[in-house]
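Structural features, examined
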Amino acid sequence: MNPRFRSSLLVYCLATPFALSQGATESQPSQEPAGKQPATGGRTSGAPGVQNPAPKAPVPVDVEADEFGRPVRALSVEDAMRVGRTQNADLRAAELLPQQARLDLLFAEAGFEPELYGSGTYTQSKSPQRNAFQPSISQESYDAAIGWRQRVVTGGLFDLAFRPARFVTSGSAAFPDKLFTAEWSASFRQPLLRGAWTDYNLAAVNSARYAATQADHDFNFAVQDTLQAIVEAYWELVFARENWRVVGSALDVAKEQLRITDERIRVRELAARDRVADEAEVARRQEESITAENEIRTREDNLRRLLFDASDQEFWQVNLRPISSITVEPPAEARDFEPLVGMALANRPDLRSRRSLVAQAEVAMLQAERDTLPNLEFVGTWSSDGARDQFHSAYRDATDLDFPDWSVGFEFAMPIGNGAARATAQRARLEVERQRRQLHAATLEVTREVRDAVRNLNTLAQSIRASGESVRLAATDLETEQVKLKVGSSTAFEVQQRNQDLREARSRHLRNQLDYRIAESRLLFVQGILRMPR
């Protein structure tokens, strides 16, 4: 038998099982745990009639967790969103801000609560004798006051008080030794221009209410932003695990090629130096595998940080195993952004927050403009008092209104120039205009984000279909080159190049699927409707 034909036949026999098993492996999509759908989209045709699906290789972090008995947490993307929504450390801190804002509202409303007040005084005095008509006089007095006052929403202040007193005098025949007085008094002061009426006096309450609403919207935006980050971290972890398998597949091809080369050297078909190129290829693929494994650990830590608010450091040891498939079949129809823009403008929490800022600025402007008016107040007072040598008699006189007094009047004041108030009002107008312009700019930015998200999703749908075809063609090209190598019409370098092409095609396809998954959640986020699954 011809030696060259014999060596070619040997190589064919050695390489054929590998080509068949490689083709069968490539034809089977990778499977996530718990029977999920394939995680890679490419399919290649194996040898006719061969049905030998290879099991999915466990990633090193899973093997390590099983060996050391570390806790394992299988998570779908929906599970990750639920866990992160309730346990994320940043959200647990942010959820206190709306509570603080509601307490600020209660503080503002407390300005109209009634107030009960009281006082008591003891006084002692003694005057020297000046002449026969002004003898030395000693006097003691006890007086008290108890009252109730309240500020009303029109800006007025109402005050009702009762003031009893007792006087003890010695050394004067002109005054009784003991005298009791009692007085009921009421007053009401109402501003008519500056600081008047409900819109001005409820401004602090309205501003606090808008601030509380803004805090709710800001927290809602923080929730959606965190959920978006969780979704991205989840799919990045899925990608890293699948990419490790892609790299591992390329490493297997390189190792098999080295084995074939060693056999050809053994039968003296090739020189020993011919294995150097294959050894270099294996080393390069091993380096890629190490990098891919480290990327899995990094992505796992990123997801842990977003999911858990654990005081126990053991949560860093939890092995996260995603079970949602990254494989996606994008729809053939392109999405239209027009209806989604309206959804975003109505639901985006950051836009709602900006609308609350505009409302707060408008309330401040109303107050500032009202403060430029002159001060004109209506003042009304009423009192009824009694004075007797017995307290109950004095109290009866005051209560029976035997000696009433009352008065009404107006007080007016106006600062000359009023420059401070006018400057404050003008600044408040500018602030309103600034907030409105920022709201308009934010509206334009939201519209751009929606258009960009829809366009990106449509583009990725096309890219997934194109990269899937690239994977199929690259796998076929590798298989063809391996067959050509069997019969001596190709070289190991060409097989290595086709292996590299297939590895890059599969990585591109996997990256497109990752980007599409993230783009799906991004489209919900820019519409303001990314929610925790029920």
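**Let's talk about the pattern of salt bridges**
Scanning the model with the defined rule gives 44 salt bridges in all. The shortest N-O distance in the salt bridge between Glu 377 and Arg 189 comes to 2.8 Å. With Glu 377 in strand E7 (residues 375–388) and Arg 189 in strand E5 (residues 178–191), the pair connects residues that are 188 residues apart, well separated along the chain. Across the salt bridge formed by Arg 299 and Glu 236, the nearest N and O atoms sit 3.8 Å from each other. Of the two residues, Arg 299 is situated in helix H8 (residues 275–307) and Glu 236 in helix H7 (residues 203–266); the sequence distance between them amounts to 63 residues.

**Describing the sheet that holds strand E8 (residues 404–413)**
Strand pairing within a sheet occurs via backbone hydrogen bonds; the two strands may be parallel or antiparallel. Strand order in the open sheet formed by six strands is E2-E3-E4-E5-E7-E8, and the pairing between neighbours is antiparallel. A strand with exactly one partner marks an edge of an open sheet, and here the two such strands are strand E2 (115–127) and E8. Pairwise comparison of adjacent strand axes, ignoring direction, gives a mean angle of 15° for this sheet. The pairing of E5 with E7 spans 12 bridges and is antiparallel. Residue pairing in the sheet places Pro 191 in a bridge with Glu 377 of E7.

**A look at the layout of surface pockets**
Taken as a whole, the second largest pocket spans an internal volume of roughly 230 Å³. Considering the residues around the second largest pocket, the lining is formed by 13 residues, among which Val 77, Met 81, Ser 521, Leu 524 and Leu 530 are closest to the centre. Elements that contribute at least two residues to the lining of the second largest pocket include exactly helix H3 (77–87), H7 and helix H13 (492–527). Take the lining of the second largest pocket: its biggest share by element is four residues, from H13. Of the residues assigned to the lining of the second largest pocket, the class counts are eight nonpolar, one polar and four charged.

**What to know about the nonpolar core**
Side chains of nonpolar character tend, in soluble globular proteins, to be buried together. Tyr 234, Trp 235, Leu 303, Leu 307, Leu 320 and Val 450 are the most contacted members of the largest nonpolar core, which totals 59 residues. Ranked by residues supplied to this core, first place goes to H7 with 15 residues. When neighbours within four sequence positions are excluded, Trp 235 is seen to be in contact with Val 77, Ser 324, Ser 325, Ile 326, Leu 514, Arg 517 and Ile 518. Listed in part, the nine residues of the second largest apolar core include Val 253, Ala 474, Leu 485 and Leu 502.

**Focus on the confidence of the model for the protein**
In the predicted model, the protein carries a mean pLDDT of 86, and the fraction of residues at 70 or more is 87%. Mean pLDDT across the elements of the protein bottoms out in helix H1 (residues 3–27) (38) and peaks in helix H10 (residues 349–370) (96). Across residues 1–53 the pLDDT falls below 50, and counting only partners more than four positions away or on other chains, this stretch makes 91 contacts in the model.

**Description of unusual backbone geometry**
Unusually for a residue other than glycine, Trp 197 sits at a positive phi of about 75°. Relative to the elements of secondary structure, Trp 197 occurs in the loop between E5 and helix H6 (198–201). By relative accessible area, which is 41% here, Trp 197 ends up partly exposed. With phi around 65°, Arg 268 is a residue other than glycine that occupies positive phi space. Mapping Arg 268 onto the fold places it in the loop between H7 and H8. Take Arg 268: its relative accessible area is 75%, and that puts it in the exposed class.

**Thoughts on the packing of aromatic side chains**
Scanning all chains against the criterion turns up 11 aromatic pairs. Each ring, one from Phe 221 and one from Phe 525, has its centre 5.8 Å from the other, and the planes form 45°; the classification is tilted. Of the two residues, Phe 221 sits in helix H7 while Phe 525 sits in helix H13, which places them 304 residues apart along the sequence. A residue is classified by how much of its surface remains accessible, and Phe 221, at 28% relative accessible area, is partly exposed. Relative to Phe 315, the ring of Phe 308 has its centre 6.0 Å away and its plane inclined at 70°; by these criteria the two rings are edge-to-face. For the pair shown, Phe 308 and Phe 315 are each scored as buried. Of the aromatic side chains, those joined through ring pairs into one cluster are Phe 162, Phe 180, Trp 184, Phe 391 and Tyr 395. A cation over an aromatic ring shows up here: Arg 149 above the ring of Tyr 117, its NZ or CZ 4.1 Å from the ring centre. When the ring centre of Phe 525 is taken as origin, the NZ or CZ atom of Arg 348, which lies over that ring, is 6.0 Å away.

**Regarding the packing of helix H2 (residues 60–68) against H8**
Relative orientation of the contacting elements H2 and H8 amounts to 70°, with a least axis distance of 9 Å. Comparing the axis directions of H2 and H8 gives the class roughly perpendicular. On H8, the residues touching Pro 60, Val 61 and Glu 64 of H2 are Glu 293, Ile 296, Arg 297 and Glu 300. Split into classes, the residues belonging to the contact of H2 with H8 amount to three nonpolar, no polar and four charged.

**Examining the packing of helix H12 (residues 419–486) against H13**
Taken N-terminus to C-terminus, the directions of H12 and H13 make an angle of 160°; their axes are 7 Å apart at the nearest point. Taken as axis vectors, H12 and H13 run roughly antiparallel relative to one another. Crossing of H12 against H13: the hand is left-handed. Partitioned by chemical class, the residues of the contact of H12 with H13 number 21 nonpolar, 10 polar and 11 charged.

**Describing H3**
Taken residue by residue, H3 has Val 77, Ala 80, Met 81, Val 83 and Gly 84 as its buried positions. Tucked inside the fold, the buried residues of H3 contact strand E1 (72–75), helix H4 (89–94), H7 and H8.

**Considerations on the pairing of E5**
When strand E4 (residues 157–170) meets E5, the two strands line up antiparallel, connected through 12 bridges. Looking at the pairing, Pro 164 lines up with Ala 182 of E5.

**Considering H7**
Helical periodicity: at 3.6 residues per turn, an α-helix aligns residues three or four positions apart in one direction. Taking 1.5 Å of rise per residue, 64 residues should cover 94 Å, and H7 covers 93 Å from first to last C-alpha, within 8% of that figure. Count one or two residues on from H7 and you reach Arg 268, which has phi positive near 65°.

**Brief notes about the side chain of Arg 285**
Note that Arg 285 resides in helix H8. Judged by its relative accessible area of 0%, Arg 285 falls in the buried class. In terms of polar contacts, Arg 285 uses its side chain to reach the side chain of Glu 281, at 2.8 Å. A distance of 2.4 Å separates the side chain of Arg 285 from the side chain of Gln 500, its partner in a polar contact.

Definitions and limits used
- Residues numbered from 1 in each chain as written.
- Predicted model: local features only at pLDDT ≥ 70, side-chain atom pairs only at ≥ 80, totals over all residues.
- Heavy atoms only, no water.
- Salt bridge = Lys/Arg side-chain N within 4 Å of Asp/Glu carboxyl O.
- Helix = DSSP H or I, 4+ residues; strand = E, 2+ residues; numbered from the N terminus.
- Pairing = 2+ DSSP bridges.
- Axes fitted to C-alpha atoms, helices over the stretch in contact; angles between N-to-C directions.
- 1 Å grid on protein atoms, 1.4 Å probe; cavity = no way out; pocket = protein on both sides within 12 Å on 5 of 7 lines; lining within 4 Å.
- Points joined across faces, edges and corners; volume = space filled by probe spheres on them.
- Nonpolar A, V, L, I, M, F, W, Y, C, P; charged D, E, K, R; others polar.
- Core = buried A, V, L, I, M, F, W, Y, C linked by side-chain atoms within 4.5 Å.
- Buried < 20%, exposed > 50% of the residue type's maximum accessible area, 1.4 Å probe, protein only.
- Contact = heavy atoms within 4.5 Å.
- pLDDT = per-residue confidence, 0-100.
- Phe/Tyr/Trp six-rings, centres within 6.5 Å; stacked < 30°, edge-to-face > 60°.
- Lys NZ or Arg CZ within 6 Å of the ring centre and 35° of its normal.
- Parallel < 35°, antiparallel > 145°, perpendicular 65-115°, else oblique.
- Left-handed = near helix turned anticlockwise from the far one by under 90°.
- Expected span 1.5 Å × (residues − 1).
- Polar contact = N/O pair within 3.5 Å; in protein donor to acceptor, adjacent residues only side chain to side chain.

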